[in-house]
Amino acid sequence: MTNDAAVVAGESAKAPGRPAPVYSGAPVLGALAHFRDDLLGTLLRAADLGSVVRFRMPAGVPVRTYGVFSPEGADRLLAGSAAGYRKDSRPYAETAAFFGDGLLTSQDERWHRQRRFVAPLFTPRRISRDYVPVLVQEAVRMRSTWAASLDATADVHALSVAYTLRAIGRVLFGADLDDVLPRLGPVFERANAYLSARVSTASLIPRTWPTPTNRRGRAARRELYAIVDGLIERRRAEPAGGDDLLGRLMHERDPLTGEPLSADEVRDQALIFLLAGHETTATALAFTLQLLARHPQTQAQVQLEIDAVRGVVAAGELVRVTPYTQQVLKEALRLYPPAYGISRYTAGGDVIDGTQVLPRSNIFVGTFAMHRSAQVWPDPQRFDPDRFAPDRVARRHRMAWLPFGGGAHACIGAQLATAELTVALTELLGDFAVRPATEGRPVPPVASGLVLRPSAPMPHRLVARQHRSSI
């Protein structure tokens, strides 16, 4: 019996619950090799073993790793027993080390304090009144840019990335975005590449080692911090401070203490919002367009709904008055959740779905696999927006669909992301139809760092459509 097996056997005797099935992986590296080569496929195969699965790690890795693949298990991890789980897992640690300890990565009193500052900035009224007009302006710009690709082949993912960077950048930095965008886009790409390497389970090299990858990462971090710190200093010199999210963060006060956020805290929040609101939304938009291109009847139904409200209903009301479009977006987020997993750490262990989770373990909700589980979703590979009709949603477990996380730490920007996607589809599909550029298989996703991305360019054709009269 190996040392690891002896420890497991000894602790199993002391704790309730049945032992978790084990995903063994490769002979030496265990599941680590499969995570490195095909993370999403590994999650799907592991989910077939049970609702809670332990992944065998190489000898010498001190922390165990578990995956949770059921709504009930997700509820336990994210809400029902949330006090027993912490954001001390490696993905959160690496994100905080690079982008700062903002709302996404913070916990305990620091998280509560940040939440008090940030929550008033993301109310439905604030999003509708202050942010949606900005999103509309950028969506109109996107529509004009995409019109240049009319009847030609265009990569909808690249176009989506350009749109979401400008959209969330304008919400964050206002007119100042134009001054920093030539630097911000490239440095953010380098930052994302470094973070992807750091959160990879195959990368165990300490951040302090002077490797070429670490040196590139530190240079990207310095440049990214300098850009945002410069914007903050510029705002401090302005009496009004600006009416964008950065200005509001600088002038918001803690409702309990009356204190403002420090300059470092403002920067950390801005960087986390840029990280969470840019690439994830681009992924969601690109895969939604790919699905609609391959389901023209669904696309036509979305366009009918858009025709009925576009130019007639206030932009801030678009989400409320486009119920079928919201079903389409939710189904796309089920199949392609940009955050493919949600990680936590337990020091004391737990029992989830009757299965024992041993102490000192990393544990994550395998959102991508759970969203494609036949135990949760009938015919899970099929694109079916009617899954999100209100009566069917009411019969489903509240944690079956988790593209924005769940529990108290669910994404505070979920409504803003939904508005960003809805505005983009309204402007784009109001004028164009999206068609596949080839008859081959759709572009599959790949796990890249913390988020899902397409594994290759996504070539599509944009075709001008004949407008229907608005109702």
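Refer to the structure presented above.
The structure presented is a predicted model; accordingly, all values stated were derived computationally and were not measured.

Asks: Is there a simple way to think about the sheet that holds strand β8 (residues 361–365) in this case?
Replies: Hydrogen bonds along the backbone pair up the strands of a sheet, which may run parallel or antiparallel. Strand order in the open sheet formed by five strands is β1-β2-β3-β8-β5, with mixed pairing between adjacent strands. This sheet does not close on itself; its edge strands, each paired only once, are β1 (22–23) and β5 (342–346). Where strand β3 (residues 64–68) lies against β8, five bridges are found, and the strand directions are parallel. Residue pairing in the sheet places Arg64 in a bridge with Ser361 of β8. On top of the sheet, helix α2 (residues 31–47) reaches β1, β2 (52–55) and β8; it is set at about 170° to β2, its chief contact.

Asks: Would you take a moment to explain the nonpolar core for this structure?
Replies: Nonpolar side chains tend toward joint burial in soluble globular proteins. Residues Phe55, Phe99, Phe173, Leu184 and Leu224 are the most contacted members of the largest nonpolar core, which totals 105 residues. The element contributing the most residues to this core is helix α11 (residues 263–293), with 15 residues. Grouped together as the second largest cluster of nonpolar side chains are 22 residues, Tyr92, Ile352, Ile363 and Trp377 included.

Asks: Any chance you could explain the environment of Gln269 here in plain terms?
Replies: Here Gln269 shows up in helix α11. Judged by its relative accessible area of 1%, Gln269 is buried. Considering only alpha carbons, one finds Gln269 and Ala374, 105 residues apart in sequence, at a separation of 38 Å. Beyond its immediate stretch of four places on either side in the chain, Gln269 contacts Gly102, Leu103, Gln114, Val118 and Leu249.

Asks: Explain a positive patch on the surface to me, please; I cannot follow it from the model alone.
Replies: A cluster of basic side chains, namely Arg215, Arg216, Arg218 and Arg222, defines a positive patch on the protein surface. By secondary structure assignment, the location of Arg215 is in helix α9 (residues 212–236).

Asks: Explanation requested: helix α7 (residues 156–173) in the structure shown.
Replies: Spacing of three or four residues puts side chains on the same side of an α-helix, whose turn is 3.6 residues. Between its terminal C-alpha atoms α7 stretches 25 Å, which fits the 26 Å expected from 18 residues at 1.5 Å a residue. Of all 18 residues in α7, 16 are buried; the element is thus mostly enclosed. If you check the start of α7, you find a side-chain oxygen 3.0 Å away from the backbone N of His157, and it comes from Asp155. Gly174 lies just past α7 and shows a positive phi near 60°.

Asks: Would you mind going over the pattern of salt bridges with me for this structure?
Replies: Summed over all chains, the structure comprises 43 salt bridges. Bridged by salt links that share partners, the residues Asp101, Arg110, Asp229, Asp264, Arg267 and Asp268 form one connected network.

Definitions and limits used
Residues numbered from 1 in each chain as written. Predicted model: local features only at pLDDT ≥ 70, side-chain atom pairs only at ≥ 80, totals over all residues. Heavy atoms only, no water. Pairing = 2+ DSSP bridges. Helix = DSSP H or I, 4+ residues; strand = E, 2+ residues; numbered from the N terminus. Contact = heavy atoms within 4.5 Å. Axes fitted to C-alpha atoms, helices over the stretch in contact; angles between N-to-C directions. Core = buried A, V, L, I, M, F, W, Y, C linked by side-chain atoms within 4.5 Å. Buried < 20%, exposed > 50% of the residue type's maximum accessible area, 1.4 Å probe, protein only. Patch = residues over 30% accessible without salt bridge, like charges linked within 9 Å, V, L, I, M, F, W, Y side chains within 5 Å. Areas by Shrake-Rupley, 256 points an atom, 1.4 Å probe, with all protein chains shown as cover. Salt bridge = Lys/Arg side-chain N within 4 Å of Asp/Glu carboxyl O. Lys, Arg positive; Asp, Glu negative; His and termini not counted. Charge placed at Lys NZ, Arg CZ, Asp CG, Glu CD. Expected span 1.5 Å × (residues − 1). Polar contact = N/O pair within 3.5 Å; in protein donor to acceptor, adjacent residues only side chain to side chain.

Geometric descriptors of this kind do not, in isolation, establish any biological role.
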